[in-house]
Amino acid sequence: MCRNIEILDSTLRDGSQAQDITFSVEDKIRIVKILDDLAISYIEAGNPFSNPKDEVFFEVLKDIKLKNSKIVAFGSTRRKNTRPEDDNNLKALLKTSVEYVSLFGKTWDLHVEKILNTSFEENLLMIEESCRFLTDNGVTVFFDAEHFFDGYKSNKAFSIDCLKAAVRGGAKLLVLCDTNGGTLPFEMTDIIRDIQDIFPDIKIGIHAHNDSAVACAVSVMAAQMGIDHIQGTLIGFGERCGNANLSAIIPNLQLKLGYLCIPEDKLRFLTRSCRQIAEISNMSIPKSTPYIGISAFSHKAGMHIDAVSKVSSSFEHIKPSVVGNTRHFLLSEFSGKTALIDKIKKINLTIGDNKNKLEHILQDIKEQEKDGYHFEGADASFQLLIRKHLGEYRSFFELINYKIIVDNAYKQPMIMSAVVKVRVGSKERMTAAEGNGPLNALDLALKKSLADFYPDLIKMHLVDYKVRVIDSVLGTASRVRVITTFKDQKSTWNTIGVSSNVIEASLIALVDSIQYKLIKDHEETR
């Protein structure tokens, strides 16, 4: 029988301490629902005493019925020289009416002496009395032994006494925290083994930070040692270098070691859930992130592509679909027909029977890449190119001409104006618009000229723009490659433009994005 591993996600608490991460109450509710749908065991929702936003959030949570997960509030032991019943932090935890609380306390002598400025005896009382106060009020306490591994290495006896104090106070779980993230795997396993021997009847958990790039590894190793409660954040972000990345830990434990972290039918939603949380957090998941990254199952070399097409395990350690990801064959001078056929079949299933057509398309792509095009990061432009070769491209409008005007009054902000003339069917339309840059002005002018014909264009907007010099030999006269990322309410897509004129390169990518959006919308309504 497989062993169950409890997963506690701290995205809303530890994750919110990451640089550039700010959650609204609405954001937090959406993330709770995503984690609940994924059937994460526990959701550490935040510290109700730390800020008014979390206090409001816990009030809102009282009216939300979860299907799978349990909400956990987070807070500290009582202040020194204060009775538990008089401590505002502990009272705030009870006010949430949650069943579970992660209560953190100091277990490193350095922190007790230099940060809290109190005695060892008082620190032990702070832990024991706080745990007992919450337990007596019907709360299940998870004791987060903050800086435990550093504390153990500094003063083993005192750090263990802190755990014993938590147990005397009624804590049901001892979470060993590598708060600084500096403990290496061989150190951690030795310490965990010692704690298991001392506390054979108490559940032990692990909470690792990634400052030494081993948080995932030590979490997996802890599970192998019998630890059945693992904490982290779903996509690994957190303070400094982040927390243990659950998107890697869960499939590692479940697919490779046979443990059960979430229901088997939920694992295929892992990639989608991670990307949803990334979107809410206004951050990008690094492409190379294991299991869930866009590049996790991407292949570029022709020999690799040929091999994985025949036997997927030849260059993939799992099937992408198991975690809800997809395989990508990247197009470049290194890839061959296999990658091309795979891409084209998504547009036309019968293309594999036309070898001459494939040769012609492959040659065209290589010629364009010589000119600076790079379709690996511009799937929408690639799709338009293939449609043109297959006679399946429909142009919804024609850009007849355009003009950019720069109005730079003395000591005034620069204003860009764009005038465009388009043709839709037999009708022509010329419009002008002002923007804070040439691309913005062109985007507004084009949408304005097409608004009567295609009103849904207002729903698409730019979310990323990259420009790169292709060959710097010519200096400022060099050709540039522009990659644009647009999105609407349903999807996101990338297009490319190349020119020695950055405005023209931007316009090529912009026109491709609009054409792609119109084709996509047309096919969805058929």
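See the structure printed just above.
Since we're looking at a predicted model, the values are computed, not measured. Numbers given to residues run from 1 along each chain, matching the order in which its sequence is written. Two thresholds apply to this predicted model, a pLDDT of at least 70 for residue-level local features and 80 or more for giving and counting side-chain atom pairs, whereas whole-chain, interface and lining totals are computed over all residues. Excluded from the side-chain calculation are hydrogens and water; included are all heavy atoms of the structure.

1. Focus: the packing of helix H16 (residues 438–450) against helix H17 (residues 502–524)
Let me state the cut-off plainly: Only C-alpha atoms enter the line fits that serve as axes; for helices the fit covers just the stretch in contact. Angles between N-to-C directions range over 0 to 180 degrees. Numbered from the N terminus, helices here are DSSP runs of H or I no shorter than four residues, and strands are runs of E no shorter than two. The sense of a crossing depends on the near helix, which, turned anticlockwise from the far helix by less than a right angle, makes the crossing left-handed and, turned clockwise, makes it right-handed. For this analysis, residues touch if any pair of their heavy atoms sits within 4.5 Å. Under the convention adopted here, Pro, Cys and the residues Ala, Val, Leu, Ile, Met, Phe, Trp and Tyr are nonpolar, Asp, Glu, Lys and Arg are charged, and Gly plus all remaining residues are polar.
Taken N-terminus to C-terminus, the directions of H16 and H17 make an angle of 35 degrees; their axes are 10 Å apart at the nearest point. Once H16 is placed against H17, the crossing between them reads as right-handed. Counting all contacts with H16, which are made through Pro438, Leu439, Leu442, Asp443, Leu446 and Leu450, the residues of H17 involved are Ile503, Ser506, Leu507, Leu510, Val511 and Ile514. Tallied by class, residues from the contact of H16 with H17 come to 10 nonpolar, 1 polar and 1 charged.

2. A few points about the sheet that holds strand E2 (residues 42–46)
Basically, it comes down to this: DSSP calls a pair of strands paired once it identifies at least 2 bridges connecting them.
Taken in spatial order, the 8 strands of this closed barrel run E1-E2-E3-E4-E5-E6-E7-E8, and their pairing is parallel. The mean angle between the axes of side-by-side strands here comes to 25 degrees, regardless of whether they run parallel or antiparallel. Pairing between strand E1 (residues 6–9) and strand E8 (residues 229–232): 4 bridges, direction parallel. Bridge assignment links Asp9 to a residue of E8, and that residue is Gly232. Each of E1, E2 and strand E3 (70–76) is contacted by helix H1 (residues 25–37), which is oriented at about 170 degrees to E2, the strand it contacts most.

3. Details of the pairing of E3
Applicable threshold: Throughout this description, buried means an accessible area under 20% of the type-specific maximum (1.4 Å probe, protein chains only), exposed means over 50%, and partly exposed covers the range between. By convention, a crossover is right-handed whenever its connection, traced from the first strand over the helix to the second and viewed with the strands pointing away, goes clockwise.
When you tally the buried positions in E3, you get 5 out of 7 residues, the bulk of the element. When E2 meets E3, the two strands line up parallel, connected through 4 bridges. Bridge assignment links Tyr42 to a residue of E3, and that residue is Lys70. As judged from the 5 bridges shared by E3 and strand E4 (residues 100–106), these two strands associate in the parallel manner. If you follow Ala73 over to E4, its bridge partner there is Val101. Crossover handedness for the path E3 to helix H3 (residues 88–95) to E4: right-handed.

4. Some thoughts on the pattern of salt bridges
Heads up, the rule is: A pair is scored as a salt bridge if a Lys or Arg side-chain nitrogen falls within 4 Å of a carboxyl oxygen belonging to Asp or Glu.
All chains considered together, the criterion is met by 33 salt bridges. The salt bridge involving Asp194 is made with Lys156; its shortest N-O contact spans 3.2 Å. Taken as a pair, Asp194 in helix H8 (residues 185–198) and Lys156 in helix H7 (residues 156–168) lie far apart in primary sequence, 38 residues in all. We classify Asp194 as buried; its relative accessible area is 18%. A relative accessible area of 41% means that Lys156 is categorised as partly exposed. We note a salt bridge from Arg429 to Asp452, for which the minimum N-O separation is 3.0 Å. With a gap of 23 residues between them, Arg429 in strand E13 (residues 427–435) and Asp452 in the loop between H16 and strand E14 (461–469) connect regions that are remote in the sequence. When salt bridges that share partners are traced, they join Glu398, Lys421, Arg423 and Glu428 into one network.

5. A closer look at the sheet that holds strand E16 (residues 492–499)
Taken together, 3 strands build an open sheet; the order of strands is E14-E15-E16 and the sheet is antiparallel. Pairing within the sheet leaves two strands with one partner each, and these edge strands are E14 and E16. Adjacent strand axes in the sheet meet at a mean angle of 15 degrees when their direction is disregarded. Of the strands in this sheet, E14, strand E15 (480–487) and E16 touch H17, which is tilted by about 145 degrees from E16.

6. Focus: the side chain of Thr431
What counts here: We call two N or O atoms a polar contact when they sit within 3.5 Å, provided that within protein one can donate a hydrogen and the other can accept it, with sequence-adjacent residues counted only if both atoms are side-chain atoms.
Here Thr431 shows up in strand E13. Residue class for Thr431 comes out buried when judged on its relative accessible area of 12%. Engagement of the side chain of Thr431 in a polar contact is seen with the backbone oxygen of Ala445, the distance being 3.0 Å. Beyond its immediate stretch of four places on either side in the chain, Thr431 contacts Ala418, Val419, Val420, Ala445, Lys448 and Ser449.

7. Some points on the nonpolar core
What counts is decided by this rule: Nonpolar cores are built from buried Ala, Val, Leu, Ile, Met, Phe, Trp, Tyr and Cys residues. Side-chain atoms within 4.5 Å join them into one set.
Counting 88 residues, the largest nonpolar core has Leu134, Phe143, Leu163, Ile195 and Leu253 as its most contacted members. Core analysis: the next-biggest nonpolar cluster, separate from the first, contains 28 residues, Val422, Val424, Ala441 and Leu446 among them.

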